[in-house]
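Geometric and topological summary
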Amino acid sequence: MTYARILLFALLGVSTPFMAASNVKFPLPVVDETHNIEQHSIEVKDSWMTYLEQGEGKAVVFVHGNPTSSYSWRNVMPYISDTHRAIAVDLIGMGDSGKPDIEYTFKEQYKYFSRFIKGLDLDEVILVGHDWGAAIAWLYAKRNPGKVEALAFMEGVLPPQFPAESYERLGPVADFFRALRDPVLGPMLVIEQNMWIEQALPASVNRTLGEHAMEAYRAPYLVPESRKPLLAWPNQLPIAHEPAQADRLMRGIKRFMRKTDMPTLYIYGSPSVERSPQVLKWYVDNIDELETSYVGQGLHYLPEDQPDAIGRSLDDWLRRLDD
C-alpha cells in the first residue's frame, strides 16, 4: 500500500483494510499531544525560522516533512536531550516560521534550512529526518560531509521510490499525482479544501489524532494563502524527470547514498505507507554504514504513531556513536 494510495482513500473518505485490521489486532500507543519544550526564533535570509530546543551537548537536528512541523518531534526529543542538544526546526513557510513570497521548491527549502544551520553556528550535527525532511537531511549531508556526523531517517521522500521514471511506474495512483499538479484541481484540493491537513495527515496516522494535535497542525494554515508550501511539496516529487531541478537533486542523493561511509540509521514500522521489504533491502544493499530499527505498528507519520520507540531507538544509536 503506497503513500499516494492512502491519500487517495483519504480523499474518497474510505478507510484502508489494513488500518482497520491492525487496529483490531494490536493496542495502539497512548501519545501525549502536549509539550513544554521552549520555542525559539532566528532570522534567516529575508524571514525567520522557529525551532524547539531542549538539552545540551552535541546537536541533533530534527527535520519534519509535509504538512507537519517541529511539533511532530515533541515526544521524541526528550529521549535524547539528557545527552544531546535536541533541536527541531520549522521549515520555512511551515509551523511558526515565516512565510516569505517564494515558490517553496525543494531547492529553496534546502537553502533556508542550510542558512538555519549556519545561523545557529552548528559546525557538527547529527540529522534526523522524516518525509521531505529526510530528503533535506540527505542533501545537506551530501553537500556538507564534514559537518554531518551521522543521519537517521524514516518514511523519507527518497530513492529508491523517487525519482520515478514515469507516471506509469506509480500504477493506480498516477492520476492522483497528476491531479495535484493540475492548475485547477491541485489548488482546489490543497489550497481551498486544506486536504493535506484535514484528510491526508489523519488518514496516515494509525491512531485517531486528538483535537489538540489537529489544532497544532492546523494553526499555520488557517487561511488559504498560507497553504502554498503544502501544494508545493507534492509538486516537487520528481516524476518523469519533472521538475528537472528536484530530479537532479534526488539523483544526486541516490549517488551519495551508494558511496557515503556516514553512520546511518533507517527507522521503519509496519504496515507503514511508503515502505516495503524491497525498499528496506535496497537501503541495506546500497548504504554501507547502515543500521535498521523496527519500531512497531505505524503508518507514514511514525513520530505520531511510535514516538517512544523512535526515541529509544535514537537514544541507543546515539550512545553507541559516542562510545
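The structure under discussion appears in the preceding block.
Residues numbered from 1 in each chain as written. Predicted model: local features only at pLDDT ≥ 70, side-chain atom pairs only at ≥ 80, totals over all residues. Heavy atoms only, no water.

Omega for the bond connecting E242 with P243 falls within 30 degrees of zero, at -5°, which places this linkage in the cis form. Residue position: P243 is located in the loop between α9 (228-235) and α10 (244-259). The omega torsion of the bond from S270 to P271 falls at 5°, within 30 degrees of zero and hence cis. The residue P271 is located in strand β7 (residues 264-271) in this model. A positive phi angle, close to 50°, is found at K45, a residue other than glycine. Its place among the elements puts K45 in the loop between β1 (38-44) and β2 (47-54). Despite not being glycine, D121 has its phi angle at roughly 60°, a positive value. In this structure, D121 sits in the loop between α3 (106-119) and β5 (125-131). (Helix = DSSP H or I, 4+ residues; strand = E, 2+ residues; numbered from the N terminus.)

Across the eight residues that make up α9, a large majority, six, are buried. Of the surrounding secondary structure, the elements contacted by the buried residues of α9 are α3, α4 (132-143), α5 (174-181), α6 (185-192) and α7 (195-203). (Buried < 20%, exposed > 50% of the residue type's maximum accessible area, 1.4 Å probe, protein only. Contact = heavy atoms within 4.5 Å.)

Let's shift gears to helix α13 (residues 307-322). Compared with the 22 Å implied by 1.5 Å per residue over 16 residues, the 22 Å span of α13 between its first and last C-alpha is a close match. Turning to α13, its buried residues are P307, A309, I310, G311, S313, L314, D315, W317 and L318. (Expected span 1.5 Å × (residues − 1).)

Moving on to the pairing of strand β4 (residues 85-89). Side-chain positions along a regular strand alternate between the two faces of the sheet. The buried fraction of β4 is high, at four of five residues. Here β2 runs beside β4; their pairing, made up of four bridges, is antiparallel. When the bridges of β4 are listed, Q54 appears paired with A86. Pairing of strand β3 (residues 59-63) with β4, which is carried by five bridges, proceeds in the parallel orientation. Looking at the pairing, A59 lines up with R85 of β4. (Pairing = 2+ DSSP bridges.)

Next up on the list: the pattern of salt bridges. Throughout the structure, instances matching the rule amount to 18 salt bridges. Residues D322 and K58 are paired through a salt bridge, measuring 3.7 Å at the closest nitrogen-oxygen approach. With D322 in helix α13 and K58 in the loop between β2 and β3, the pair connects residues that are 264 residues apart, well separated along the chain. We classify D322 as partly exposed; its relative accessible area is 39%. Residue class for K58 comes out partly exposed when judged on its relative accessible area of 29%. For E211, the salt bridge is made with R218, and the minimal N-O distance between the two is 3.0 Å. Residues participating in the shared-partner salt-bridge network are E33, R74, R207 and E304. (Salt bridge = Lys/Arg side-chain N within 4 Å of Asp/Glu carboxyl O.)

Tracing the backbone shows T50 in strand β2. Exposure remark for T50: the relative accessible area of 5% places this residue in the buried category. In contact with T50, other than residues within four places in its own chain, are Q39, H40, S41, A88, V89, D90, D96 and S97.

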